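# A closer look at the structure
Read off the chains here:
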Amino acid sequence: MTPLQIIFLIVAAITLGGALMVVTTRNLVHAALWLVLSLFGIAIIFVLLDAGFFAVAQVVIYIGAIAILMIFAIMLTRRVAKDSGPQINATWPIAGIVTLALFGGLFTVLQNWQQIHVLPPSFPEGYDPLQQLGVELVSPNGYLIPFEVASILLLAALIGAIVIAWSKTK
Amino acid sequence: MSDPVNLIANWLKTVLINWGVSPTWITVILSAIGVVVLASVVLVLDIFLVWVERKVVARFQDRLGPNRLGPFGLFQPIADVIKLLLKEDITPDKADKFLYNLSPVIALATVIMLWAVVPLAPTIFGSDINVGVLYIIAVGSISTLGILIAGWASNNKFALVGAFRTVAQMVSYEVPMVISILIPVILSRSMGINTIVHSQTVWYIVLAPVAAIIFLISSQAELGRAPFDISEAESEIVAGFHIEYTGMKFGLFYAGELLHALTLGGFFATFFLGGWRGWGVETYPILGIFYFFVKAFFMYWVIMWIKYSFPRVRIDQMLNLNWKFLTPLALAALIITALLDKLFQNASYSVYVLVMFLSNVILLYIAYLVVGSYARAERKRVADPEKIRVNFPIKSSGSTIEPRSTSEGAHV
């Protein structure tokens, strides 16, 4: 086993374990922090895939912004630690079947895929995937329009937030 | 002996090859050793920083500082560490024990993680990733999380208020900080920190003084140091998020803050003062470490200088400064830099530098005029307070204050 595979197995176990703890733990703040751990695991998997930019963006956006916002919201809500309802409701067998079917389907598909044992080729000398990504995002032949549409959507959300927060008195 | 670090690394590599270790495992082993060595050096440096901080603040306050233990009081930090280790370790009642103990670790670990991307010399650096700049921001957001956990797990209202203040401050000041680091990224055409240093034939503080100033102010806020220390304002919320921590757990927060100050000083040096650049570095790469630390400690001293010279700002002033001044200024600087960079990219480098410098000076002057007019308006507002209508009589403990003129009300 190569070191990369060992790291992948450990990280995958942490990610899945963290995700399981998110839905099973009773304390909401703990659930949010388990989610952070799970998201961090995904960032490490991005690193293992040679996608440094996505790893860092994952940490900045999901941990630095979304998770902190969620923890903030939970902390500002009263009686966070008093969640005493059952963690599992009556529909769990259906969820279990769907999950098993999904896992089985993915497993068979990947098992029959020939390329799964091929190692990814390393980047040629002087090739910067990050630069390529940047060029593609702003080139008319690439993803310029989706990029701009997404920017306008975010701008609209930003203005909407300001309008909601605007105090009408004064 | 121009580069002992890589010499030792290569020697270890040949030793391991002779032992018959496979190349991938050699990479893993050498990286692990590198991590341990770098983290240890940084942590030992941290003990020394306690002495530096205390000595410098003493000079600013016209005192002598630690001067009894060892030459110039150099052994004082060791005594401090022993004291912190011997103190009673208290965990508050109903605190979340695991998170309570985890958060000091996060606070210090995130600072050490930053050193992974600092280029100490042309050939001596932890890791040269092509997203180094974003990595710094990412690690910074994890440290925010650590503080939030500390405030919540302590089961203390002051700690929680302090944590909220810190998070509000760090999340807001991240914005101008990111924009100001983007300007060196534009100038060097790379997010890799090594490339940024390599392309600084002229230090970027000349090409982008506005970005440098914004970076300095926002790093002061990221550190939570005065004038932005409302997160631990002693007069308001006792000690903020680390109110309940004792002994070495407090020590870890303290050490983390000191090291973070030096680290951000180091990043300022890397982005704007040419990092390890200096005379003779091409032939003797080891000299780069010396130049880097001279610049980093100079910036650390500047950060301390600001900290011990300014009074604390209020939370609304802090947020106003960020959202109404620093962020627009940073955005303006970014747009101007990007435009001028495109216009003058074919011009000779001296013209390019001159244009960048002049545009920054003009921008600074405009910013100065804006701040000046705001300050004048504010001074006028404070000097001439609005009249508030108060309804008399006011009931105060036992006695009733009678109105001076009319019975229905008076202007005070």
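### Section: the overall build of chain A
Looking only at helices and strands, one finds 6 helices and 0 strands in chain A. In sequence order, chain A lays out its α and β elements as α-α-α-α-α-α. Taken against the 2.2 N^0.38 rule, which gives 15 Å for 170 residues, the C-alpha radius of gyration of chain A at 21 Å runs more than 25% over that of a compact globule. Along the first, second and third principal axes, the C-alpha atoms of chain A reach 60 × 45 × 30 Å. Out of the 170 residues belonging to chain A, those deemed buried represent 19%. Of all intrachain contacts in chain A linking residues separated by at least 6 positions in sequence, the fraction that spans at least 24 positions is 48%. With an accessible surface of roughly 12900 Å², chain A has 74% of that area assigned to carbon and sulfur atoms. In chain A, 6 side chains carry a positive charge and 6 a negative one; their mean positions are 39 Å apart.

### Examining helix α4 (residues 97-114) of chain B
Given a rise of 1.5 Å per residue, 18 residues ought to cover 26 Å, and the 27 Å separating the end C-alpha atoms of α4 of chain B matches this to within 8%. Elements in contact with the buried residues of α4 of chain B: α2 (28-48) of chain A together with α2 (23-60), α5 (132-153) and α11 (247-272) of chain B.

### Some thoughts on the interface of chain B and chain A
Across the boundary between the two partners, chain B contributes 23 residues, which contact 26 residues of chain A. For the chain B and chain A pair, buried surface summed over both sides reaches about 2000 Å², with 86% attributable to carbon and sulfur atoms. Three residues stand out in chain B for area buried against chain A, namely Leu-145, Trp-152 and Phe-164 of chain B, and they jointly supply 27% of the buried area on that side. Connecting chain B to chain A are 0 salt bridges.

### Points about the side chain of Glu-53 of chain B
All names here are of chain B. If you trace the backbone, Glu-53 turns up in helix α2. The class of Glu-53 is buried, set by a relative accessible area of 3%. The contact partners of Glu-53, leaving out residues within four places of it in the chain, are Arg-225, Leu-258, Tyr-300, Met-304, Lys-307 and Tyr-308.

### What to know about the domain arrangement of chain B
Residues and elements named next belong to chain B. Domain boundaries in chain B define domain 1 (1-86) and domain 2 (89-347). Here the C-alpha centroids of domain 1 and domain 2 sit 20 Å apart. Between domain 1 and domain 2, the residue contacts involve 22 residues of the former and 30 residues of the latter. Summing the contributions of domain 1 and of domain 2, the shared interface buries around 2200 Å²; its carbon and sulfur component is 78%. The largest per-residue losses of area from domain 1 upon contact with domain 2 belong to Glu-53, Phe-60 and Leu-84, which jointly make up 27% of the total buried on that side. Here domain 1 and domain 2 share 1 salt bridge between them. Linking Lys-307 and Glu-53 is a salt bridge whose minimum nitrogen-to-oxygen distance equals 4.0 Å. Contributing elements (two or more residues each) for the side of domain 1 that touches domain 2: α1 (4-19), α2 and α3 (76-86). In terms of residues, the side of domain 1 that touches domain 2 owes the most to one element, α2, which gives 14 residues.

### Remarks on the packing of aromatic side chains
Residues and elements named next belong to chain B. One pass over the full model with this rule turns up 28 aromatic pairs over all chains. Here the aromatic rings of Phe-268 and Phe-272 are separated by 5.2 Å at their centres, their planes lie at 45 degrees, and the arrangement is tilted. One end of the pair is Phe-268 and the other is Phe-272, both in helix α11 and 4 residues apart, which spans about a single turn. Following the ring pairs from residue to residue traces out a cluster consisting of Phe-48, Trp-51, Trp-115, Phe-292, Phe-293, Phe-297 and Tyr-300.

### What to know about unusual backbone geometry
Here the phi dihedral of Asp-50 of chain A falls at roughly 65 degrees; this positive angle occurs in a residue that is not glycine. Of note, the phi angle at Asp-62 of chain B is positive, near 60 degrees, even though the residue is not glycine. Judged by relative accessible area, Asp-62 of chain B falls into the exposed class, the value being 71%.

### Here's the deal with the pattern of salt bridges
All names here are of chain B. Tallying each qualifying case throughout the model produces 7 salt bridges over all chains. Note that Asp-316 is salt-bridged to Arg-314, the shortest N-O span being 2.9 Å. A residue is classified by how much of its surface remains accessible, and Asp-316, at 35% relative accessible area, is partly exposed. With relative accessibility at 47%, the residue Arg-314 sits in the partly exposed group. A salt bridge links Glu-378 to Arg-381; its shortest N-O distance comes to 2.8 Å. A residue pair is termed a helical-turn pair when its members lie 3 or 4 positions apart in one helix, as Glu-378 and Arg-381 do in helix α14 (residues 349-383) at 3 residues.

### Considering helix α6 (residues 157-188) of chain B
Residues and elements named next belong to chain B. Taking 1.5 Å per residue as the helical rise, α6 with its 32 residues ought to reach 46 Å, and the 46 Å between its terminal C-alpha atoms agrees with that figure. Along α6, the largest kink reaches about 30 degrees and is centred on Glu-174; proline Pro-176 follows within four residues of it. Looking at where α6 begins, the residue whose side-chain oxygen comes 2.7 Å from the main-chain nitrogen of Phe-158 is Asn-156. Following α6 by one or two positions, Arg-189 has its phi on the positive side, about 60 degrees.

Each value, and the rule that gives it
- Residues numbered from 1 in each chain as written.
- Chains lettered and ligands numbered in written order.
- Predicted model: local features only at pLDDT ≥ 70, side-chain atom pairs only at ≥ 80, totals over all residues.
- Heavy atoms only, no water.
- Helix = DSSP H or I, 4+ residues; strand = E, 2+ residues; numbered from the N terminus.
- Rg over C-alpha atoms; globule rule 2.2 N^0.38 Å.
- Buried < 20%, exposed > 50% of the residue type's maximum accessible area, 1.4 Å probe, protein only.
- Contact = heavy atoms within 4.5 Å.
- Areas by Shrake-Rupley, 256 points an atom, 1.4 Å probe, with all protein chains shown as cover.
- Lys, Arg positive; Asp, Glu negative; His and termini not counted.
- Charge placed at Lys NZ, Arg CZ, Asp CG, Glu CD.
- Expected span 1.5 Å × (residues − 1).
- Buried area = accessible area lost by both parts, 1.4 Å probe.
- Salt bridge = Lys/Arg side-chain N within 4 Å of Asp/Glu carboxyl O.
- Domains from an automatic or database assignment.
- Phe/Tyr/Trp six-rings, centres within 6.5 Å; stacked < 30°, edge-to-face > 60°.
- Bend = angle between axes of the 7 residues up to and from the residue.
- Polar contact = N/O pair within 3.5 Å; in protein donor to acceptor, adjacent residues only side chain to side chain.

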